[in-house]
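What follows is each chain in one-letter form.
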Amino acid sequence: MASTRKGCLLKEFRPEYFNLEKDIEIKLTIHAQPYKPKDRTYSNKKSEEDSKSQESEEESESQESDNEEDACKEPARWVEASGGEVPGGAVVGGEYDGETVYVARAEHAGDMLPGKLVPSHRVCYVPWGCEEHSKSNYEVLVSDDLEKLVWLEGSDGSIPSGALQGGETATDEPLYIGRCKQENTLTCGKACIHRSLKGCFIGYGGREYGYARYEVLAVKQTNEEQAVKTIPETKTKPKEPEKEDDGLSDFERRALQRHNYYRKKHGAPALTMDREICQYSQDWAEQLAHWNRLEHRGNVGRKDGKQYGENCYMSMGKANVSAEEVVDAWYDEVCYHNYSWNSFVYQTGHFTQVVWTETKRVGIGKARNGPNWFVVSSYDPPGNYQGRFTRCVRPPVD
């Protein structure tokens, strides 16, 4: 995490700078620098005419300097606050139970997370790890010219041009300021362009919810057409083994093959597809499709009281989704993983579950709601146990 995070200027998302494969860490840190007037020295001996000329010139330069400073001003800034304080010029993010809430952010688990300030609760709420966390110390987004800001539509991981960066993860992944509706409440949170977390995630009622359709806070652009960047999903597919009469659907078979392709790459034993776990996953996928939102199931529905590991996926606006693109999205978190870590990291949890060496069985379910697809994969035994990562998540085998 950058040490200059507190009170730093907001950063705009500029498509012309954006290269997800190479430039994301560098280009997204570019922002307007405050104007610094040049140093000038003048002789003390001047004629009255020279003095008048100088005064006129200085007045012109001062006006020009003011104009340049105005042009370089950021449209918004973060102001530290606590205990429900709302600074002047705070940016409205939505409403909660009839009360106006404001765009705020706070640190949690090494991440700087955009969230919502609820003044009557005297805290800022941020979403992380399937839960909503309250913070009494936070930063509030304020603006001297609120008309320069606008909420623009986004979906399935897209970020509109001019979007304001509201934070970042511990692995330097940029987070933007998003909002969406939850039970007739308009709530702000974090919008991600992470390969497997493509959407907006908000906190509500103590839990974290993910949505594929949302709004992102941005600076108004002169061009009416808002350019949008999405994450390229090109992947070289492994050679598929011959199909067998194993009682699996084509989607289940391909998901199993894709899991085992990556597990072999990391020296983990192959998984088997379990019909009971498939039904368990299918039930939850259908529930998510009914709600039309993404969230984890938790320890619910198992007769034996045990718990499965779980990866979830949501895609929007596609005719279909393949097993390969789903498992690829989970595995692609590998680029953020450090094999010396021995504890759970939110940004890599899908990847680590896919290749967790102690997992033996998997079940997968798939459901849809119109153009939206939901996929749930459950694992037995579950992975992502604290203190076991260095043993159970192995580096790629040469």
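As a reminder, the structure under discussion sits directly above these lines.
In this numbering scheme, every chain counts its residues from 1 along its sequence in written order. Since the coordinates come from a predicted model, pLDDT governs what is reported: local features require at least 70, and pairs of side-chain atoms require 80 or more to be given and counted, while whole-chain, interface and lining totals use all residues. Only hydrogens and water are set aside; all other atoms, that is, all heavy atoms of the structure, feed into the side-chain values.

A short note on the pairing of strand β6 (residues 123-128)
Then step 1. For each residue, the accessible area found with a 1.4 Å probe, counting protein chains only, is set against the maximum for its type, and the residue is called buried under 20%, exposed over 50%, and partly exposed in between. Strands here mean DSSP runs of E at least two residues long; helices mean DSSP runs of H or I at least four residues long; both are numbered from the N terminus. The buried count for β6 comes to 6 of 6 residues, which makes it a mostly enclosed element.
Then step 2. Across 3 bridges, strand β5 (residues 111-118) lies against β6 in antiparallel orientation. Within the sheet, the bridge partner assigned to V118 lies in β6 and is V123.
Then step 3. Connecting β5 to the next strand, β6, in antiparallel fashion are 4 residues, including R122 with a positive phi near 65 degrees.
Then step 4. Across 5 bridges, the pairing between β6 and strand β7 (residues 131-135) is antiparallel. Between any two strands, at least two bridges found by DSSP are needed for them to pair.

Points about unusual backbone geometry
Then step 1. Backbone torsion omega between D380 and P381 reads -10 degrees, so that peptide bond is classified as cis.
Then step 2. Summarising the element assignment, P381 is placed in the loop between β21 (372-380) and α7 (389-392).
Then step 3. For A109, which is not a glycine, the phi torsion comes out positive at approximately 55 degrees.
Then step 4. Here N384, not a glycine, exhibits a phi torsion of approximately 65 degrees, which is positive.
Then step 5. With respect to the helices and strands, N384 occurs in the loop between β21 and α7.

Comments concerning the pattern of salt bridges
Then step 1. Between Lys or Arg on one side and Asp or Glu on the other, a salt bridge is scored when a side-chain nitrogen of the former is within 4 Å of a carboxyl oxygen of the latter. Across all of its chains, the model carries 14 salt bridges by this definition.
Then step 2. One salt bridge connects R179 with E215, and the closest N-O pair in it is separated by 2.7 Å. Note that R179 is positioned in strand β12 (residues 174-182) and E215 in strand β16 (residues 213-219), a separation of 36 residues in sequence.
Then step 3. Here E358 ties to R391 by a salt bridge, and the two come within 2.9 Å at their closest N and O atoms. Here the residue E358 occupies a position in the loop between α6 (349-354) and β20 (361-369), and R391 occupies one in helix α7, the gap between them amounting to 33 residues.
Then step 4. A single network of salt bridges, built from pairs that share partners, joins R207, R293 and E295.

Geometric descriptors of this kind do not, in isolation, establish any biological role.
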